[in-house]
Each structure stands twice: as structure tokens, then as C-alpha cells.
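Commentary on secondary and tertiary structure
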Amino acid sequence: MDLGLKGARAVVTGASRGIGRAIAQVLAEEGADLAVCARSPEPLAEAAEELRGTGARVFHRAVDVGDADALRSFLDGAVGELGGIDVLVSNVSAGSSADWRASYDTDLMPFVHMTEHARPYLAASERGGSVVLISTTSALHTGPPSGPKPYGPVKAALNHYAASLARTLPREGIRVNTVSPGPIEFPGGGWARRKENDPAFYDSIRSAIPAGRLGRPEEVARAVAFLAGPAASFISGANLVVDGGFLDRV
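Keep in mind it's a predicted model, so treat the numbers as computed, not measured. (Residues numbered from 1 in each chain as written. Predicted model: local features only at pLDDT ≥ 70, side-chain atom pairs only at ≥ 80, totals over all residues. Heavy atoms only, no water.)

All right, on to the side chain of Asn-159 then. Mapped onto the fold, Asn-159 is located in helix 5 (residues 151–166). In this structure the side chain of Asn-159 is engaged in a polar contact, spanning 2.7 Å, whose partner is the side chain of Ser-135. Among residues more than four places away in sequence, those in contact with Asn-159 are Leu-133, Ser-135, Ala-139, Leu-140, Thr-178 and Asn-239. (Helix = DSSP H or I, 4+ residues; strand = E, 2+ residues; numbered from the N terminus. Polar contact = N/O pair within 3.5 Å; in protein donor to acceptor, adjacent residues only side chain to side chain. Contact = heavy atoms within 4.5 Å.)

Pasting the structure below:
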């Protein structure tokens, strides 16, 4: 199936590792050109070089997304290098941090700043603009591994905001959708550390997933690529859960 992403100009935050890196890879393989950012310059530069190996045009810049001015400058730089923005993927997260302010500054406000600043660029897209928010199943339930920590509630607020945008921005030719991964494992990630440091907890979560394993970043990335492109042209306001059946809900 052709997702219609060849020649698309896509922005992906948090693209140096894990889910963000996989999203950038799948988009590049589908023929998109990329603007990618992450906090750490060296891993980002390595990822950008590998992405160029697909034939994609790649603009990269080290950015702390909590710095609104730096984030806006990155988006403007992406437009300057790629000629516009067709797809905006918001992926950066404070993760399991217990700091509510850090979660607010790293998860919630960057998405607000990005969508506000990129809105005219996305509206000008001849393909139709597409925004994909990377959320989490922890925004949809309170059991383990969620619980009374900042991660789930802040992501739940993001889901609400994205759903609201999804019903206002289509008038400007912009779709907004959310992808909510369940537990996803990759080298150096949080679940790999839990497997090493707290195997009992890791096993309890794995046993609660009907698929019998944790997910892989590329499985999330493929869902993002579908929603990002014109193959999903009549979808706005969806929250696509990628969790191997982990959530018990209708």
C-alpha cells in the first residue's frame, strides 16, 4: 500500500533514539524528507547521517523543546531547508520523571508551541497538513505502569488538546491524530532498564499484554506513518492505540 508520503516534508521531534528514531526511519523509507531534532547533538547527528542513507533530505538541529524560542527557530529552519511542512510529529517526553513541572514543560507546552507556530505552514501544504501526537496508554488508564505520577495525567491533557485541534483545524486543511503506544522496549530505553533492574515488575507488565511481549519502536512508527499521510485523508481526531491488547477496554 502506497501511503502517499513520497516528497512529503516531515518534522519529527525526539528523533535520535527509540520511537522517534523509528518514526523518522519509516517516513524516510516511505520517501519523505525530514527535519529532526533531539536534545543531545551527537546521537542526533549519527541518526541524521543514517537517515540520509535512505536518500532522504535531512535537516537536523539539537534542540531543547522546553525552550519555546529554540523550538520555533527549529521549525522556521525546517521550512527554510525543506520548503515547507506537511507533517508534524510531536514525540518528545519527560518519561517517568516525578517532576510535574518538567512534564508540563517537556510534554505539554512544546506540543502547544509547535502546533501554534507550524499552523500556517501546515495550512499552506498542498498535500494537506497532518499532525501526529505521540501519547501513551498511561493516559488512558491508572493501573501499572501508570499510577499517580505526572506522565499519565499530562499526556491525558495532551490527548484532550489534540482532539480539540482535530475538530477545528480540518477547516484549514490540517488533520490531527494521536498514537498511544503501550510498553515499548528498545536498547537503552526505560523498559530495557526495568528489565535489568526490576525484572519482577517487567515480567508483571509483559504477562498483562495478550501479545506476550512488549512492543517495538517500528510497530509504533508504522502506525504514525499511516496517520501522517494521505492514506488516512479522512481521519482526524483518532487515538490509535498500539499496545498488543494491553488495555482492557471497549
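Resuming the write-up.
With that settled, consider the pairing of strand 4 (residues 87–90). Residues of strand 4 alternate between two faces, with Val-87 and Val-89 on one and Leu-88 and Ser-90 on the opposite face, all of them buried. By the bridge criterion, 4 bridges tie strand 4 to strand 5 (residues 129–134) in an arrangement that is parallel. Each residue of the ladder has a partner; that of Val-87, found in strand 5, is Ser-130. (Buried < 20%, exposed > 50% of the residue type's maximum accessible area, 1.4 Å probe, protein only. Pairing = 2+ DSSP bridges.)

Turning our eyes to something else, we now look at the nonpolar core. By size, the foremost hydrophobic cluster in this structure holds 38 residues, and its most contacted members are Ile-23, Leu-27, Leu-34 and Val-36. Looking at this core, the elements that each hand over two or more residues are strand 1 (9–13), helix 1 (18–29), strand 2 (33–38), helix 2 (41–52), strand 4, strand 5 and helix 8 (217–228). Core analysis: the next-biggest nonpolar cluster, separate from the first, contains 29 residues, Cys-37, Leu-71, Leu-82 and Leu-133 among them. (Core = buried A, V, L, I, M, F, W, Y, C linked by side-chain atoms within 4.5 Å.)

Here we come to the packing of aromatic side chains. Summed over the entire model, instances satisfying the criterion amount to 4 aromatic pairs. Taking the centre distance of 5.8 Å and the plane angle of 15° together, the rings of Phe-59 and Phe-74 count as stacked. Taken together, the residues Phe-59 in strand 3 (residues 58–62) and Phe-74 in helix 3 (residues 68–82) connect sequence positions 15 residues apart. There is no split in this pair, since Phe-59 and Phe-74 are both buried. Through a chain of ring-to-ring contacts, three or more aromatic side chains come together here, namely Trp-191, Phe-201 and Tyr-202. Directly above the aromatic system of Trp-191 lies the positively charged group of Arg-194, at a separation of 4.3 Å from the ring centroid. (Phe/Tyr/Trp six-rings, centres within 6.5 Å; stacked < 30°, edge-to-face > 60°. Lys NZ or Arg CZ within 6 Å of the ring centre and 35° of its normal.)

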